[in-house]
Amino acid sequence: TAGMAGLLDIELSDDMQERHGGFKILLICAPPVKEVGLISGEFFGGRSKSQSLSGLFAAMAEAHDVGFLDAGKFVEVSDVGGVHYEREAHLALGKAVGAAVEAL
C-alpha cells in the first residue's frame, strides 16, 4: 500500500498535473486472489492479504481525494488460475469502470 500511496502522490503533484493538463484518478482495487491452479504456490497466503486491500485502498483514495472502485464488488477471479478473469467478468468490469469514470 505504501507503493500505491507513493504513486498517487506523484500523479497528484503539481508538476505532473500541469504537465498533463490536469487529470482525475480512479484507484481500482483488484478482487481477492484465489490460491488455485498451477501458480497457486506463488500466491501462498495471498487470499487473506488481498481481502484486506479494498478497505485500505478505499481509505487511501479518500485521503488523496481520488475516485475509487472495488472491482471485487463486480467480478471474481477465475477458479482456474486464481488471478485472471473469465470472459463475462471482463465485460462486467468494463461496465463498472466506465460508470466510475463517468462519475469522476
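Every value quoted in this text rests on a predicted model; they were computed, and no experiment measured them.

Break down unusual backbone geometry for me, with residues and values.
One non-glycine residue with positive phi stands out, namely D65, at about 55°. Along the chain, D65 turns up in the loop between α4 (53–64) and β2 (67–70).

Run through the pattern of salt bridges, naming residues and quoting values.
Applying the stated criterion across every chain yields a total of three salt bridges. Salt-bridge contacts for R19 lead to D15; the nearest nitrogen and oxygen are separated by 2.5 Å. Residue R19 and its partner D15 are located together in helix α2 (residues 14–19), separated by four residues, close to a single helical turn. With a relative accessible area of 53%, R19 lands in the exposed category. The partly exposed category is assigned to D15, whose relative accessible area is 45%. The shortest N-O distance in the salt bridge between K34 and E76 comes to 3.2 Å. Residue K34 is located in the loop between β1 (26–29) and α3 (46–51), and its partner E76 is located in the loop between β2 and α5 (87–103); the two are separated by 42 residues in the primary sequence. On the basis of relative accessibility, which here comes to 13%, the residue K34 falls in the buried class. By relative accessible area, which is 57% here, E76 ends up exposed. By sharing partners, the salt bridges in this structure join K34, E76 and D79 into a single network.

Summarise α4; cite the residues concerned and give the values.
Between its terminal C-alpha atoms α4 stretches 16 Å, which fits the 16 Å expected from 12 residues at 1.5 Å a residue. Looking at α4, one finds that the buried residues are S54, F57, M60 and A61. Take α4 and look down its axis: the buried residues cluster within an arc of 130°, on one side only. Set apart from the buried face of α4 by more than 90 degrees, the exposed residues are E62 and A63. Buried-residue contacts for α4 involve α1 (2–12), β1, α3 and β2. In the segment just after α4, D65 is the residue with positive phi, at about 55°.

Cut-off values and rules
Residues numbered from 1 in each chain as written. Predicted model: local features only at pLDDT ≥ 70, side-chain atom pairs only at ≥ 80, totals over all residues. Heavy atoms only, no water. Helix = DSSP H or I, 4+ residues; strand = E, 2+ residues; numbered from the N terminus. Salt bridge = Lys/Arg side-chain N within 4 Å of Asp/Glu carboxyl O. Buried < 20%, exposed > 50% of the residue type's maximum accessible area, 1.4 Å probe, protein only. Expected span 1.5 Å × (residues − 1). Arc of directions from axis to C-beta. Contact = heavy atoms within 4.5 Å.

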